[in-house]
Amino acid sequence: MELLTAIKIRRTNHSKIHEVDFGNLEFGKYISDHMLVCDYDNRRPVSTGWQEPMIVPFANLSLSPATMALHYGQTVFEGMKAFRMNDGRINIFRMEKHYDRFARSLERMCMAVPPKEIFIEGLSRLVELDKEWVPAFPGALYLRPFMYASEAKFGVKVSDQYRFIIFTGPVPELYVKPIKVKVETDYIRAAKGGTGFAKCGGNYGGAYYPTQLARQAGYDQVLWTDARENKFIEESGMMNAMFVINDVLITPPLSDSILDGITRHSLLILAADFGYKIEERPISTDELENSFQNKTITEAFGVGTAAVVAPIGVIGINNVDYHLPEYNRENLMNKMKLKLDRIRTGEESDVYGWNYIL
Ligand SMILES: *Cc1c(COP(=O)(O)O)cnc(C)c1O
């Protein structure tokens, strides 16, 4: 591609890779040597729009205290991963689908959308440059594209300047023991017509307080319910929710209050190919309670980029803790995870075209 050679690279003279204990990674602790930076400027009558992307050594930013993102919350991020395959090559998982979601989030927040070539080529070049940072599977290089309103003005208005940045960092596979979740009926994460489907900063800040309360009550996470009736399950933390009831995989349908998870999308395809019946439909807390009483529920889990699947061991509904049966390798969640792992490492052919191999 034309742009491939066009992205200017300023390399670091001080790689920090020797400071990383690859045998003992921690999620979010290490950041790779380089980052991509690309500015957008809509203020000038001439030469407006996206400026030249640059790959530069990872470094702190210098910000005006009046930077609009800090006050009015125009900020959007993505979370994705690059994997080291069995043959040593590196692939970025479902890059275009992440770009499309990034664009949808940005549009909802009235922010400029970086051209796809900058996202795809920028990310590819960046991962290529820092490929030594990609840990052995099942670890991964976590990729964090994000954008914020960079104009320095304190009037409340849509920013005319944005900064698009991508940085990366090695992460371990998150092994999760079954978690305890609380069905949340006092607080909400997102409402119809709101920004729940966008990966914008405010959605997460607003979730901390109820999550903190749930932690104090002995839970790991909350399972959000709908904003109107607090009756239907939405999703959990940074994960979409799935249930297996009567051998049917059930997940709430996408809406403007649910994040369109790429893991969710991928696992639904895998489950269908396994021959499972899938239902994308509202699932009420009453139905969940009944499924425990009738013992028809066999699995509940969160799905997202960080852990692929996070098994749920306990669901608290109206102050009653319901326990899921013990999980084993035969569970659908584990079969799906294994299949996805095998596709990512190249052990199985990527019939879905999910791996963007560098
Ligand atoms: C990112 C995220 C998810 C999971 O999306 P993936 O693309 O699968 O990582 C689910 N819910 C919320 C609220 C999220 O922010």
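In this convention, every chain numbers its residues from 1, walking through the sequence in written order. A pLDDT threshold of at least 70 governs which residues receive local features in this predicted model, and a stricter bar of 80 or more applies before side-chain atom pairs are shown or counted, although totals over entire chains, interfaces and linings include all residues. Excluded from the side-chain calculations are hydrogens and water; all other atoms, namely the structure's heavy atoms, are used.

Colleague: Hey, could you run me through the overall build of the protein in this one?
Modeller: Counting from the N terminus, the helices are DSSP H or I runs at least four residues long and the strands are E runs at least two residues long. If you tally the helices and strands in the protein, you get eight helices and 19 strands. Just to be clear, the radius of gyration here is over C-alpha atoms, and the globule rule we use is 2.2 Å times residues to the power 0.38. Whereas a compact globule of 358 residues would reach a radius of gyration of roughly 21 Å, the protein reaches 21 Å, a difference of no more than 12%. When its C-alpha atoms are laid out on the principal axes, the protein stretches across 65 × 50 × 35 Å. Across the 358 residues in the protein, those meeting the buried criterion constitute 51%. Computed with a 1.4 Å probe, the accessible areas rest on the Shrake-Rupley method; for each residue, only the protein chains presented here act as cover. Looking at the protein as shown, the accessible area adds up to about 16,800 Å², and 50% of this sits on carbon and sulfur atoms. Any residue under 20% of the maximum accessible area for its type is buried, any over 50% is exposed, and the rest in between are partly exposed; the area is computed with a 1.4 Å probe on protein chains only.

Colleague: Looking at this structure, I do not really get the site of the ligand. What am I missing?
Modeller: Any residue with a heavy atom lying within 4 Å of a molecule or strand is counted as near it. Lining the immediate environment of the ligand, one finds 15 residues, of which Lys199, Tyr204, Glu235, Thr263 and Thr305 sit closest. Ile262 has a polar backbone atom sitting 2.8 Å from an oxygen atom of the ligand. Polar contacts here mean pairs of N or O atoms no more than 3.5 Å apart (in protein, one a potential hydrogen donor and the other a potential acceptor; neighbouring residues in sequence count only if both atoms are side-chain atoms). Here an oxygen atom of the ligand sits 2.6 Å away from a polar atom, N or O, in the side chain of Thr263. Alone, the ligand offers 380 Å² of accessible surface; in the complex the protein occludes 98% of this.

Colleague: Help me out: how do you make sense of the pattern of salt bridges in this one?
Modeller: For side chains of opposite charge, pairing can occur when their charged atoms come near one another. Salt bridges are defined by distance alone: a side-chain nitrogen of Lys or Arg within 4 Å of a carboxyl oxygen of Asp or Glu. This model, assessed by the stated rule, comprises 24 salt bridges. Between Glu184 and Lys182 there is a salt bridge, and its shortest N-O distance comes to 3.4 Å. For Glu287, the salt bridge identified is with Arg281, shortest N-O distance 2.8 Å. Among the residues examined, Arg281 registers a relative accessible area of 23% and is labelled partly exposed. Residues joined by salt bridges that share partners form a network here, namely Glu151, Lys153, Lys157 and Asp160.

Colleague: Please explain the environment of Asp321 as it appears in this structure.
Modeller: The topology assignment puts Asp321 in strand E18 (residues 320-323). Within the structure, Asp321 has its side chain in polar contact with the side chain of Tyr219 (distance 2.5 Å).

Colleague: Help me understand the side chain of Glu78, please; the structure alone is not making it clear to me.
Modeller: Relative to the helices and strands, Glu78 resides in the loop between strand E5 (75-77) and strand E6 (80-84). When its relative accessible area of 0% is taken as the criterion, Glu78 is described as buried. Here the side chain of Glu78 touches His98 through a polar contact of 2.9 Å, side chain to side chain. Apart from the residues lying within four places of it in its own chain, the contact partners of Glu78 are His98, Arg101, Phe102, Tyr142, Leu143, Arg144, Pro145 and Lys199. Here a residue-residue contact requires only that any non-hydrogen atoms of the pair lie within 4.5 Å.

Colleague: Looking at this structure, how should I read the pairing of strand E15 (residues 277-280)?
Modeller: Consecutive side chains of a regular strand alternate in pointing toward one face of the sheet and then the other. Two strands are said to pair when DSSP picks up at least two bridges between them. Where strand E14 (residues 248-251) lies against E15, four bridges are found, and the strand directions are parallel. Looking at the pairing, Leu249 lines up with Ile278 of E15.

Colleague: Got a minute to help me understand the packing of helix H3 (residues 95-108) against helix H4 (residues 116-129) in this structure?
Modeller: How two helices pack is summed up by the angle between their axes together with the distance between the axes. Relative orientation of the contacting elements H3 and H4 amounts to 135°, with a least axis distance of 10 Å. Judged on the interaxial angle alone, H4 and H3 are oblique. With respect to the hand of their crossing, H3 and H4 are arranged in right-handed fashion. On H4, the residues that touch Met95, Glu96, His98, Tyr99, Asp100 and Phe102 of H3 are Lys116, Phe119, Ile120, Leu123 and Ser124. When residue character is reported, Ala, Val, Leu, Ile, Met, Phe, Trp, Tyr, Cys and Pro are called nonpolar, Asp, Glu, Lys and Arg charged, and the others, Gly included, polar. Its residues assigned to classes, the contact of H3 with H4 comprises six nonpolar, two polar and three charged. Fitted lines through C-alpha atoms give the axes, limited to the stretch in contact for helices. The angle between two N-to-C directions lies from 0 to 180 degrees. In this scheme, roughly parallel covers angles under 35 degrees and roughly antiparallel covers those over 145, while 65 to 115 is roughly perpendicular and the rest are oblique. Rotating anticlockwise by less than a right angle from the far helix to the near helix defines a left-handed crossing, while the corresponding clockwise rotation defines a right-handed one.

Keep in mind these numbers describe shape, not what the thing actually does.
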